[in-house]
Each structure stands twice: as C-alpha cells, then as structure tokens.
Amino acid sequence: MTQLNAVEIRSVSKFFGFGEYAVAAVNETSLAIRQNEFFTLLGPSGCGKTTLLRLIAGFEFPTHGEILLDGENIAAMPPFKRPINTVFQNYALFPHMTVGENIAFGLQMLGRPKAEVAERVAAMLKLVRMEALANRRTSEISGGQQQRVALARALAPRPKVLLLDEPLSALDYKLRKEMQIELKRLQAETGITFIFVTHDQEEALTMSDRIAVLSAGKVLQVGAPRDIYDAPADRFVADFIGETNFLEGRVIAFSGQHADVHLKAGGQIRAAVPSDFTPDGDVTVVLRPEHAGFCAPEEASGSGGIRGALTNIIYSGTDTHYHVRLSDGATSFTIRQQNKPNQSIGLAVGDEVGIAFAPNAARVLRG
Ligand code: ATP
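Residues numbered from 1 in each chain as written. Predicted model: local features only at pLDDT ≥ 70, side-chain atom pairs only at ≥ 80, totals over all residues. Heavy atoms only, no water.

### Quick word on the packing of helix α2 (residues 99-109) against helix α4 (residues 143-155)
Right, so step 1: Running from N to C, α2 and α4 cross one another at 30°; their axes reach a closest spacing of 7 Å. On the basis of their axis angle, the class for α2 and α4 is roughly parallel. Pair α2 / α4 crosses with right-handed handedness. Of α4, the residues touching α2 (which contributes V99, N102 and I103) are V149, A152 and R153.
Right, so step 2: Residue composition of the contact of α2 with α4, by class: four nonpolar, one polar and one charged. (Axes fitted to C-alpha atoms, helices over the stretch in contact; angles between N-to-C directions. Helix = DSSP H or I, 4+ residues; strand = E, 2+ residues; numbered from the N terminus. Parallel < 35°, antiparallel > 145°, perpendicular 65-115°, else oblique. Left-handed = near helix turned anticlockwise from the far one by under 90°. Contact = heavy atoms within 4.5 Å. Nonpolar A, V, L, I, M, F, W, Y, C, P; charged D, E, K, R; others polar.)

Put into structure tokens, the structure is as follows:
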C-alpha cells in the first residue's frame, strides 16, 4: 500500500484584496509533502512562503483549491483542532512563565491530565537539552535557549506536522549553524513531518530532504537539494540557489543528451540538456564557479577555447573567487577555487587565462 502524503496542497490559490487590487500571494500551487519529511519552502521575500504555511495551519483560507492532511480535506477544521503546530520567527513565548510552564501551556489548554503534562514536559526538556533551566523565566534565557523552548512547546502535544517560519533568522551565524543540526536531530528523533520556511538557500540545502523553490506565489521546482543545485529547472532557480555563471549561445550540434553550444562570449562548450529538450537555436548554459578552473590561454582551445582576462581576485578564507572578463569584453565569469595551505595559484589581476571545466559540468537551461 502506498503511504499517504502528510500534507497535500492541490491547486491552491490565495488572493488578498479584491478586483484590480488583488494580490495572488499563492498562485495555483500544488505540493505533496511526504510523511516524516524535512520539507523546505524556499524563496525570496514576498514569494508566498508564510501565506502557504498559514494556509496549512488554518490561519488563512484558500481562495481556490484544497489542502489535505493524511489524505483528508481539512477545510472545515479550525486551526486549534488541526494536529499541526507552528514555531514562529519571534518564538511568541510567555515571558512571565518559566521554561517548564511554557512547554506545559499547550497541553494544559488541550485538557491533558496533570501527570501526562508533567511527563511530557520532562521528556521535552530532555529532548531539547534544557532540563537545567526548567524553572527559569523565558525572559531570563538566551535567544538560542528561547528557540529550544519554542520548539519543545510546539512538539509537546505530538503534532503530526510542525511548521517552522524562519525560526533561525534571529540567531547569530554560529548559533544558527548549531540549531540547524539540532533541528535535524529533533526531526529524526521525533519522526514528525517538518515544513520549514526560509529565504536562505544555504540553510535549505543543508537541512532539507526536499525543497520547493517559490517565486511570485508559484512553485518553480521541487526536489532533493542536490537535484536542485545540479539541475536547476530554470534561470530563476539557477540564480537563486548558489552562484552560477550564465553563458548565452547557439546550439550547433545535438546528440540527445548533450548539445554543443557556440558561445556569444567566444568559444564552444558541450553541455547536458534537459530531458525534453528540443534544439532550437539560442540557449543559456549554466556552469557553477566551483566546476571551472584555469588552463593556459593557449591550451584553452582544447577545452572549447573559452578565455579572458582576470579582473578581480577575492579571498574569502576557505575559497578564492576569480572574476574573468571573457574575450567578448562584456561577459563576466567567476571561478571558485578552494584554498589550500601555503599554495598560491600564481595569478594576478590583468593576466590572460584559459578556462577549463569538468566534463558534464555545464547544463543547458530549459526555456
Ligand atoms: P517574507 O520572507 O518577507 O516573510 P513571504 O515569502 O513569506 O515573505 P508572504 O508573507 O506569504 O511572503 O506574502 C506574499 C505576498 O502576499 C506579498 O506580496 C505580501 O505583500 C502579500 N500579503 C501577505 N499577507 C497579506 C495580507 N494579509 N494582505 C494583503 N497582502 C498580503
């Protein structure tokens, strides 16, 4: 028997306002989120992530479409009856209550017996490693600790689905990294489906089983982090996830899985093509900066004849970014190389360079 999806969003639209002032915050969106999945909604500010979460939680109603939980339409179910909890960006803890009281609150509202509440609170304190601070007021603990309490409170009633709306954005970089690992652990240990909202692509890639990339209320691509990174569906996804070089060109030969593309910036490149690709002239080729390297300019013809002049070198600790102006004088291209101890690549701004790239690194974009 196939397992039911934890949450299914079927052709859902949400409009705010009326007539010519209507905004489509979510526009004909369909998604199937699996049981026990760490699923991330990723996109820039205003793309509809929070609205989608609020629709699942029941704080908003869809203008069109339906939302299913474990295969059942939940349109008529009020938010407090849904087995869904939310962790908000600002945590929304009760400052006058202790850590333990905050965690107990939801269970008490549900009318659970005292002994069960005490047992669940103890289990949650242990889960988020906050036993020592159980009697401290939440106004007297750090931001990272507040985050843990908010998670414990949301997990305490054993929801089927936990919604997390940019829960790490208030934390500093190091703490955010720590909490990313912590969240993954909590999800694995509890087996609860997590739907996580972020605009931070690195966070999404690190944490998710699958990611949906959204733009202007629409889902552009759904897939595992590696699939989305390696094979972005379109220009927006390629640009939004990681760094990318875009090279315009014209297909001069096509062999089913690859196309040879003559680049406007000079040179030629062999690039993988999307599954239903039909070669019809102008295309955009994408190439990640870490998949490109240098060769001597005179050797460049062997790797397609792509060459240019170094315009900038930016050191960033683990890596160095090299910016190259290609031989058309207009296209810029970035190469990223990992830094190694006591090893300089021996290049300077102004040097003429050839660009080499790994086989199968370049891809033709769809559309
Ligand atoms: P952010 O990352 O900035 O929180 P988001 O991706 O979560 O953004 P939403 O908050 O879902 O985006 O908003 C999507 C669109 O819907 C935006 O254009 C926003 O201005 C609009 N919108 C959201 N809520 C309302 C509302 N209550 N009334 C009118 N417009 C709204």
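### Here's the deal with the pattern of salt bridges
Right, so step 1: The tally for this structure, following the rule as stated, stands at 22 salt bridges.
Right, so step 2: With its nearest N and O atoms 3.4 Å apart, the salt bridge here joins E66 to R10. With a gap of 56 residues between them, E66 in strand β4 (residues 64-69) and R10 in strand β1 (residues 7-16) connect regions that are remote in the sequence.
Right, so step 3: Of the charged contacts in the structure, one is a salt bridge between K14 and E60, with a shortest N-O distance of 3.8 Å. (Salt bridge = Lys/Arg side-chain N within 4 Å of Asp/Glu carboxyl O.)

### Quick word on the nonpolar core
Right, so step 1: Ranked by internal contacts, the top residues of the largest apolar core, which has 36 residues, are I103, L162, L183 and F194.
Right, so step 2: Those elements that place two or more of their residues in this core are α2, α3 (114-127), α4, β7 (161-165), α5 (173-190) and β8 (193-198).
Right, so step 3: Among the elements that make up this core, the one with the highest residue count is α4 (six residues).
Right, so step 4: Among all residues touching I103, those that are not within four sequence positions of it are V121, M124, L125, V149, A152, R153 and A156. (Core = buried A, V, L, I, M, F, W, Y, C linked by side-chain atoms within 4.5 Å. Buried < 20%, exposed > 50% of the residue type's maximum accessible area, 1.4 Å probe, protein only.)

### What about α4?
Right, so step 1: With 13 residues, α4 should cover 18 Å at 1.5 Å per step; its first-to-last C-alpha distance of 18 Å lies within 8% of that length.
Right, so step 2: Burial analysis of α4 places ten of its 13 residues in the buried class, the great majority of the element.
Right, so step 3: Taken together, the buried residues of α4 touch β6 (84-87), α2, α3, β7, α5 and β8. (Expected span 1.5 Å × (residues − 1).)

### Structural notes on the packing of aromatic side chains
Here a ring pair, both rings aromatic, is described through the centre-centre distance and the interplanar angle of the planes.
Right, so step 1: A complete count under the given rule lists seven aromatic pairs for this structure.
Right, so step 2: Between F38 and F196, the ring centres sit 5.6 Å apart and the planes meet at 50°, which makes this aromatic pair tilted. Here F38, found in strand β3 (residues 38-42), pairs with F196, found in strand β8; they are 158 residues apart in sequence, far enough to count as distant. The pair formed by F38 and F196 is uniform in burial state, with each residue classed as buried.
Right, so step 3: Their ring planes at 65° and their centres at 5.5 Å tell us that F254 and F277 sit as a pair that is edge-to-face. (Phe/Tyr/Trp six-rings, centres within 6.5 Å; stacked < 30°, edge-to-face > 60°.)

### Quick word on the pairing of strand β13 (residues 268-272)
Right, so step 1: Relative to β13, strand β12 (residues 258-263) runs antiparallel, the two being bridged by five bridges. Residue pairing across strands places A259 opposite A271, the latter belonging to β13.
Right, so step 2: Turn length for the β12-β13 hairpin, with the two strands adjacent in sequence and antiparallel, is four residues, and the turn residue G266 shows positive phi of about 100°. (Pairing = 2+ DSSP bridges.)

### Observations regarding the side chain of R120
Right, so step 1: Mapped onto the fold, R120 is located in helix α3.
Right, so step 2: Put simply, R120 is tucked away with no salt bridge, and the nearest opposite charge, on E119, sits 5.1 Å away.
Right, so step 3: Beyond its immediate stretch of four places on either side in the chain, R120 contacts L107, L155, A156 and R158. (Lys, Arg positive; Asp, Glu negative; His and termini not counted.)

### Structural notes on the site of the ligand
Right, so step 1: Taken together, F16, V23, A25, P44, S45, G46, C47, G48, K49, T50, T51 and E166 form the complete shell of residues around the ligand.
Right, so step 2: Contact between the ligand and K49: an oxygen atom at 2.9 Å from a side-chain N or O atom of the residue.
Right, so step 3: Between the ligand and T50 there is a distance of 2.7 Å, counted from an oxygen atom to a side-chain nitrogen or oxygen.
Right, so step 4: Of all the secondary structure elements, the ones that give two or more residues to the shell around the ligand are β2 (23-33) and α1 (49-57).
Right, so step 5: Among the elements that make up the shell around the ligand, the one with the highest residue count is α1 (three residues). (Near = heavy atom within 4 Å. Polar contact = N/O pair within 3.5 Å; in protein donor to acceptor, adjacent residues only side chain to side chain.)

### Some thoughts on the sheet that holds β8
Right, so step 1: Here we have six strands laid out as an open sheet, ordered β6-β7-β8-β3-β9-β10, and mixed in their pairing. Both edges of this open sheet fall to β6 and β10 (218-223), since each of them pairs with a single strand only. The sheet shows a mean angle of 20° between the axes of neighbouring strands, direction not considered.
Right, so step 2: Sheet contacts for α1: β3, β6, β7, β8 and β9 (210-215); angle to β7, the most-contacted strand, approximately 150°.
Right, so step 3: Sitting on the sheet, α5 touches β3, β7 and β8, and the angle it makes with β8 is about 160°.

Read these as geometric descriptors, not functional statements.
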